[in-house]
Structures are given as C-alpha cells and as structure tokens.
Number of protein chains: 4
Amino acid sequence: MGEPWRHRHWFRVRYGDTDQLRTVYSARVLDWFEVGRTELLRDAGLPYAEMEEAGACLPVIEAHVNYRGRTKYDDRLEMRSSASMVGKARVRFEHEIVRADGGVVADGWTTHAVTDPSGKAIRPPKTLVDVIGKQREPSE
Amino acid sequence: MGEPWRHRHWFRVRYGDTDQLRTVYSARVLDWFEVGRTELLRDAGLPYAEMEEAGACLPVIEAHVNYRGRTKYDDRLEMRSSASMVGKARVRFEHEIVRADGGVVADGWTTHAVTDPSGKAIRPPKTLVDVIGKQREPSE
Amino acid sequence: MGEPWRHRHWFRVRYGDTDQLRTVYSARVLDWFEVGRTELLRDAGLPYAEMEEAGACLPVIEAHVNYRGRTKYDDRLEMRSSASMVGKARVRFEHEIVRADGGVVADGWTTHAVTDPSGKAIRPPKTLVDVIGKQREPSE
Amino acid sequence: MGEPWRHRHWFRVRYGDTDQLRTVYSARVLDWFEVGRTELLRDAGLPYAEMEEAGACLPVIEAHVNYRGRTKYDDRLEMRSSASMVGKARVRFEHEIVRADGGVVADGWTTHAVTDPSGKAIRPPKTLVDVIGKQREPSE
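Residues numbered from 1 in each chain as written. Chains lettered and ligands numbered in written order. Predicted model: local features only at pLDDT ≥ 70, side-chain atom pairs only at ≥ 80, totals over all residues. Heavy atoms only, no water.

S.K.: Hey, could you run me through the relation of the copies chain A and chain D in this one?
M.R.: The two chain copies are connected by a rotation around an axis plus a translation along it. Of the transformation placing chain A onto chain D, the axial shift is 0.0 Å and the rotation is 180 degrees, giving an RMSD of 0.0 Å. Here the symmetry operator amounts to a two-fold rotation axis. Closest approach to the rotation axis within chain A is made by the C-alpha atom of His64 of chain A, at a distance of 2.2 Å. Interface residue correspondence from chain A to chain D reaches 100%, placing this contact among same-surface, isologous pairings. (Least-squares fit on C-alpha atoms with pLDDT ≥ 70 in both. Contact = heavy atoms within 4.5 Å.)

Structure below.
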C-alpha cells in the first residue's frame, strides 16, 4: 500500500457497525474509507465540503477492500490514508485500518473521477492537483 | 395504532441490519419506516419521488419507535402502514412490523412537515391531502 | 431535556449520513444517539463493551427523536448526553445535538431494558445503578 | 462477469441509500451485494441463515466494486448474481446491478472464506460445494 501515509486518525467501532458474527459488517469499511479521505483532504487544507460546493465532486468509480483481521464493537482503530493522481483526471485514495494491538483489520483503495455535480467529467482543480502532488513528496 | 392499515408489504431482514446481539440494530427500524411510507404513497398513486421532484418534500420532524419483540437475519416481516393529516400542514405515518408468526417486532410513527426543497414550509399539495384523506375512509 | 448534561463529545457529519435533500437522513440520528450513550458510559468508568461482555445488555425498548434544525455534510456537531434510571429496572438516555453556531439539530431519548444476552430481563448491575445515580447529582 | 447469471431479483433504491449528490452512496452497493448472495443461496435451496446456524460462515475477505452509472431514489434495479468455488476453500460471488432502462449501475464481486463462527477456516460443507458446482453447469 501507499506508505508513507499522509494522514492518520483514530476512531471507534460503533455498535451499529457490528453484525451477528460479533465483528464489523463488511460494507461499513467503505463508510470508514470515506471518513479517511475527508480527513486527509481537510488536513491538507482542502476540505472536500468546500471543494464540492465550488463545483468539483469526486464520485467513486472503483473500490476495493481486503479484509485482513477481525475487529469488534468499541475497538479503537487507526485509519491510515494516502492519495495520488492516476493520470491527469483521476484520484486514488489508499487506506489501511489497524487495531491498537497493531493487527491490520482491512486495507484497500478507491478511485475517483473528478466531475461537476451532474456527473460530467471536469479538469481537476489546480488546488486538488497541488495538494495531492505535494503529499507524495515525503515518499521521494 | 392506526388500523385498519392502508398498506402492507413484506420484506426480509438483511445481514447488515443485524448487530452483535444477533437481533436488529435499533436505528434500522427508522430505515424500514421510510420504505413503508414510500410504498404506501406509491400504492396510493402518488409516488414520493415524483412529489419531491415537483417540489413538495416531507422531512421528518418527529419519530417514535416502540421495540416490542426480537427479530433476526432473514426473517420475513410484514410492514403495515397508515397515514393521516395532522391539522392542515403536517402528515403522520403509523407503522407496525410483524413477524410471520404474528409477533410484533416494533411499532411507531413519524410526523412530517411539508416543505420546499430548501426546507421552507409550504401548503400541502391537494393531491397529497386527497390521497391521505381518502385512505382514512375504510376506518369509518 | 435533562440538563445539566453529563457528557459532551464532538463529531462530524459523514458523507454517508447525508441524503438527497442535502441534509442528514433521519435514521442516522439514532446511530448518533448510540455513540452518545457509549461515550457517556465510558466517561463514567463503565464501558458498555465490558458491561455487555459481563452479561448485562441494554436493548432499546423505546426511542424518540425531535428533528429541530438542519445540518449538513462535514458539520461539526456537539452531542450532549445524560442518563437516569426509570424505576428500578430501566435506563433512559437523553440527548441533544447542537451545531457549532448553537442551533439545535435534534433532541430525544431512548429507554432501555436491562437483560441478559438472550433478552431476559435481569436486575440492573449495581455498578450501572451507581454510575447513573451518581451522574444526576450535579442537577441537585 | 460471470454470465449466465444464476439468480436475479428486483429491488428499489431506498431514500436512505441516497447522498447529497442525489445518487446512491457508494458503500450501499456492498449492502446490496449481500442481499444478492442471500437470495442466490436461498433460491439454490441452501438458505445462508440455516447454513450459518449449522456452523458454516462465509465472511467476506475481499470485495471489489466498479461504479458504472448513476441511479437514484426509488429506481427499480435488477440484481444479477452468480457464484463459484475458488479452489477448494473459498467462494466467490459476482454481481451486476442494472437499471430498468438497461444501464449498468455497478458490478463487482466478493470473495469469502468458509469458517466456523469464531473465524477459524473449515472445509466447505458438501451441500455448499454441490450447490455452487451445480449452478455453473448452465454455462457449459
């Protein structure tokens, strides 16, 4: 995955995230990935809420999750997130979710188009390209 | 509750509705109530999707649920729904959710304002008032 | 509502909490109430995860929400929570959710039975009664 | 994808599935895939609820979604599902979700281990292998 990670935040597994196997229901990990990209972009100085209000949306066009270990209600998890441009028109976020004991719960990625609110492709805003380009520098 | 019920439909408990107590997570019942009112309005000839596109929205302003019995993954449940006007400006939906063995899982109600898409109160469309008034006739 | 509030925490509206009216989907507020009671109990020294593992569960038997104002994606909200015993066998949590500008988004409450994992009523553990009794003292 | 499809069912987009872009929130597609595999297995004579009660679980170990077209509240969608063994120990479900106008909304797949309820790998039950083997015959 895309280490070194650009952003890390901690969160708790909610009761509503669990299922009858006493672990986390698989679809919830995609909800968590969304929080990861929201927090990465905010931390990078480009809140997604403002970007979308300015007319640039990042709809998901592909998502992939590897479920690697169990987690349960109230576990404190670390979300590690990174981002990169894919060509000139797409954005990719990578994520790894880790338990306090170091065990990996899941990793994966999402790929995003850059569109106007109606879904029509647009050129990625320069602020977005700058933010995502800049964040890869630590890995050089 | 508001018998006789105007609309009934059957649905299954999804795996993602369960929680670690092996029953349904409490918030999901409000998701189910939403399906109940969508199906009631469609059955009454006034699909909510069309109503909202025409500019009349029904945001929830109050919700109440009584949890009366357990249900579990893959149970087939009956949603019983009814609707009434509350004064001239609000709509109330009542629901009862029943297992195949007749046991009541939950009942409750939601109250709705009638607004434009920005949230400003509007006069309820005549088609809505007619549909909801008409549906109470069976109870006379 | 039950001021003075025993516990307060801040959280963000997730993208997945929104709906096509560009506000929060009504059922999500019950998910948030759950986080409120989890954090209140943790703060009081009685993590619910441990309590449930010890065999005492708090299934919701009644829930009520008043939707009082709009909120949107990425808003930072304050959850205010309080708890009290209802008679000797039930627990009630009260909540108020407030925007950064002071506007109330929603308030409401949930009532809970105290049961074993199978759903059979049990006497509330003394630690729970102590924690909930103690927390009401500030209001005297 | 894995045509010919073994199972098809129709469902509606719920209001709670939408997000502020007026389309479906990406994580919901994984919830829908779960319904697809539940219905495929029921149709094949092996309800997953019974299989899990008998001690054989199918936790997701990998999930992939391609988002191919927009859908919106109340759209009637067709879920097409298929299943196959991956080697002797894993199961793969493939899905395609199609609008009434024939446009593809999403496709993708999930891979599952076969475990006991604690998460320990077990040999897939013969009934499962038979059902999944049998269902591939139409493609020969």
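S.K.: Looking at this model, I keep getting lost on the relation of the copies chain C and chain D. Mind explaining?
M.R.: For the match of chain C to chain D, the screw axis carries a shift of 0.0 Å, the RMSD comes to 0.0 Å, and the turn is 180 degrees. A shared interface surface links the copies, since 100% of the contact residues of chain C are contact residues in chain D too.

S.K.: Can you help me understand the pattern of salt bridges in this one?
M.R.: All told, the structure shown has 52 salt bridges over all chains when counted by the stated rule. Residue Arg12 of chain A is joined to Asp74 of chain A by a salt bridge in which the shortest nitrogen-to-oxygen separation is 3.9 Å. Pair noted here: Arg12 of chain A is in strand β1 (residues 7-12) and Asp74 of chain A is in the loop between β2 (60-67) and β3 (76-86), with a separation of 62 residues, a long-range link. Overall, the relative accessible area of 31% leaves Arg12 of chain A in the partly exposed class. The shortest N-O distance in the salt bridge between Arg42 of chain C and Asp74 of chain A comes to 2.7 Å. Of the two residues, Arg42 of chain C is situated in helix α1 (residues 28-43) and Asp74 of chain A in the loop between β2 and β3; the pairing between them involves two chains. A residue is classified by how much of its surface remains accessible, and Arg42 of chain C, at 21% relative accessible area, is partly exposed. Taking relative accessible area as the criterion, Asp74 of chain A reaches 10% and is therefore assigned buried. Salt bridges linked by common partners bring Arg8, Glu78, Arg80 and Glu96 of chain A together as one network. (Salt bridge = Lys/Arg side-chain N within 4 Å of Asp/Glu carboxyl O. Helix = DSSP H or I, 4+ residues; strand = E, 2+ residues; numbered from the N terminus. Buried < 20%, exposed > 50% of the residue type's maximum accessible area, 1.4 Å probe, protein only.)

S.K.: What am I meant to see in the pairing of strand β4 (residues 90-99) of chain B here?
M.R.: Within a regular strand, side chains alternate between the sheet's two faces. All names here are of chain B. The element β4 is largely enclosed, with a buried count of seven among its ten residues. Of the pairings in the sheet, the one linking strand β3 (residues 76-86) to β4 comprises ten bridges and is antiparallel in character. Directly across from Met85, in β4, lies its bridge partner Val91. Between β3 and β4, which follow one another and run antiparallel, lie three residues, and Gly87 among them has a positive phi close to 65 degrees. As judged from the nine bridges shared by β4 and strand β5 (residues 104-113), these two strands associate in the antiparallel manner. Counterpart to Arg90 in the pairing with β5 is Ala113. Linking two consecutive strands that pair antiparallel, namely β4 and β5, is a turn of four residues; a positive phi of about 90 degrees is found at Gly102 within it. (Pairing = 2+ DSSP bridges.)

S.K.: What exactly am I supposed to notice about helix α1 (residues 28-43) of chain B here?
M.R.: It helps to recall that an α-helix has 3.6 residues per turn; residues three or four apart then point in one direction. Residues and elements named next belong to chain B. Look at α1: 23 Å from first C-alpha to last across 16 residues, which is about the 22 Å you get at 1.5 Å a residue. The buried count for α1 comes to 14 of 16 residues, which makes it a mostly enclosed element. Phi for Gly45, located one or two positions after α1, is positive at around 90 degrees. (Expected span 1.5 Å × (residues − 1).)

Everything listed here is a matter of geometry and, on its own, says nothing about what the molecule does.
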